[in-house]
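Chain by chain, the residues run as shown.
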Amino acid sequence: MRQIRIIAWVFVAVALVGVGFVLLKGPQPAPPVKTTVMSANFGGPFTLVGADGKPFESSQLDGKPYALFFGFTHCPDTCPTTLARLVKLRREAGGDGAFKIVFVTVDPERDGPKEVGAYAKAFGAPIIGLTGSPEQIEAVKKQFGIFSRKVPIEGGDYTVDHTATVLLFGRDGKFVATLAPDEQDEVALDKIERLTSA
Amino acid sequence: MRQGAALAALLLASCGSQSSPPSISVHDAWARATVAGQNSAAIYLSITNKGGEGRLMAVSSPIGSASLHRTSMSGGVMRMRKLDELPIPPNATVELKPGATHVMVSGLQAPLAAGSRVPLTLAFAKAGKLQTEVAVRAAGAAM
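Residues numbered from 1 in each chain as written. Chains lettered and ligands numbered in written order. Predicted model: local features only at pLDDT ≥ 70, side-chain atom pairs only at ≥ 80, totals over all residues.

Explanation requested: the overall build of chain B in the structure shown.
Along the backbone of chain B there are 1 helix and 10 strands. Moving toward the C terminus, one meets the helices and strands of chain B in the order α-β-β-β-β-β-β-β-β-β-β. A total of 143 residues make up chain B; the buried ones form 33% of that total. Long-range contacts, defined here as pairs at least 24 residues apart, represent 70% of the contacts in chain B between residues at least 6 apart. (Helix = DSSP H or I, 4+ residues; strand = E, 2+ residues; numbered from the N terminus. Buried ≥ 20, exposed ≤ 12 C-beta atoms within 10 Å, placed from the backbone. Contact = placed C-beta atoms within 7 Å.)

Looking at this structure, how should I read the overall build of chain A?
When helices and strands are tallied, chain A shows 5 helices and 9 strands. Reading chain A from its N terminus to its C terminus gives the helix and strand order α-β-β-β-α-β-α-β-α-β-β-β-β-α. Relative to its 198 residues, chain A shows a buried fraction of 38%. For chain A, the share of sequence-separated contacts (at least 6 apart) that also reach a separation of at least 24 residues comes to 64%.

Help me out: how do you make sense of the sheet that holds strand 4 (residues 100-105) of chain A in this one?
The strands that make up a sheet pair up through hydrogen bonds in the backbone, lying either parallel or antiparallel. Residues and elements named next belong to chain A. In spatial order, the strands read 5-4-3-8-9; together these 5 strands make up an open sheet with mixed pairing. On the outer flanks of this sheet lie strand 5 (128-130) and strand 9 (175-179), each paired with one strand and no other. Across the sheet, the mean angle from the axis of one strand to that of its neighbour is 25 degrees, orientation sign disregarded. Here helix 5 (residues 185-197) sits on the sheet in contact with strand 8 (166-169) and strand 9, set at roughly 160 degrees to strand 9. (Pairing = 2+ DSSP bridges. Axes fitted to C-alpha atoms, helices over the stretch in contact; angles between N-to-C directions.)

It is not clear to me how the nonpolar core should be interpreted in this structure. Could you clarify?
For soluble globular proteins, the rule of thumb is that nonpolar side chains tend to be buried together. Core analysis: the largest hydrophobic core is formed by 76 residues, its most contacted members being A:Ala67, A:Leu68, A:Phe103, B:Ile43 and B:Val103. With near-sequence residues (within four places) excluded, A:Ala67 lies in contact with A:Leu86, A:Phe99, A:Ile101, A:Val102, A:Val166 and A:Leu168. (Core = buried A, V, L, I, M, F, W, Y, C linked by C-beta atoms within 7 Å.)

Even after reading the chapter, I still don't get the interface of chain B and chain A, so can you show me in this structure?
How big an interface is tends to be stated in terms of the accessible area lost upon association of its parts. Taken together, the contact pairs 30 residues of chain B with 29 residues of chain A. Elements that contribute at least two residues to the side of chain B that touches chain A include exactly strand 2 (40-49), strand 4 (65-74), strand 5 (77-83) and strand 8 (101-106) of chain B. Tallying contributions element by element places strand 5 of chain B first for the side of chain B that touches chain A, with 4 residues. Classifying every residue of the side of chain B that touches chain A by side-chain character gives 16 nonpolar, 12 polar and 2 charged. (Nonpolar A, V, L, I, M, F, W, Y, C, P; charged D, E, K, R; others polar.)

Looking at this model, I keep getting lost on the pairing of strand 4 of chain A. Mind explaining?
When a strand is regular, its side chains alternate between the sheet's two faces. Residues and elements named next belong to chain A. With respect to burial, strand 4 is a largely interior element, 6 of its 6 residues being buried. Taken together, strand 3 (residues 66-71), helix 2 (residues 78-92) and strand 4 constitute a β-α-β crossover, and its handedness is right-handed. As judged from the 3 bridges shared by strand 4 and strand 5, these two strands associate in the parallel manner. Bridge pairing links Phe103 to Gly129 in strand 5. The β-α-β motif built from strand 4, the intervening helix 3 (residues 113-121) and the parallel element strand 5 has right-handed crossover chirality. (Right-handed = clockwise from strand over helix to strand, strands pointing away.)

Structure below.
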């Protein structure tokens, strides 16, 4: 009998602590959205320069989902790996027409329309290569939360540290998800499925 | 008898990973094709060591200026930095692969054409120089 009383009191104590905790903390905020790039003014319309040297308006992407990746053509490892992976994932997700792949250079000083065009063509599947004036590129980087910084290497050359996250946008131009370079293909394909069905 | 035991101990000691020489082989070297104007490329390969502690000290190729680099990812930002050397532990295979450690070639003399082969020399601390051929795959080749 005594044991039962003790157990009952323990329950009461635990319950009181719990209530106190909730009162102290107040209403719980909604869990944070698991992405660093979501904000009210994320993305939005832009004007860059296409491989033909003509202005490229973001409205030209309307009506089809697209994957946006920022890089540079002299990037030996991450950029070709990411673009080749996107081409592969797109084929697995329904073929070259499932969504558009858009490559924007963060190195407009070296990557003109001709360079981004030739680079985008090298992957054996349609990729839209874009460049622009340094000011245009800066503006678009800011719009999409992209970081980049030139780093000198031996021989007077430089490489560019940059955000390697792929941004996915639905056919209505709305942000859907990001793809990380080191995530499993299954996870990426799940997001692409959401992208193409959105 | 005693002498025999001492000799056996000595032989055993010399077989330990500390003092035995590395026995290194290099295989599956490949690179992605590049387009005209692209001045750098990455070479990937596997290095197997069946002996003692090994160390890759330098890489070279007639196609450009080669060096060891490591790509790292932090907060979604890709960074690539030069490595001075790469340890090749005993009885292990070290993979140089996309998004990680790789041979970077800058100042490419000419574009790398898919289907071609280019030479690569690897200089190890004790195992000396090894030559391998790098298979150039299509730029869009999956890893």
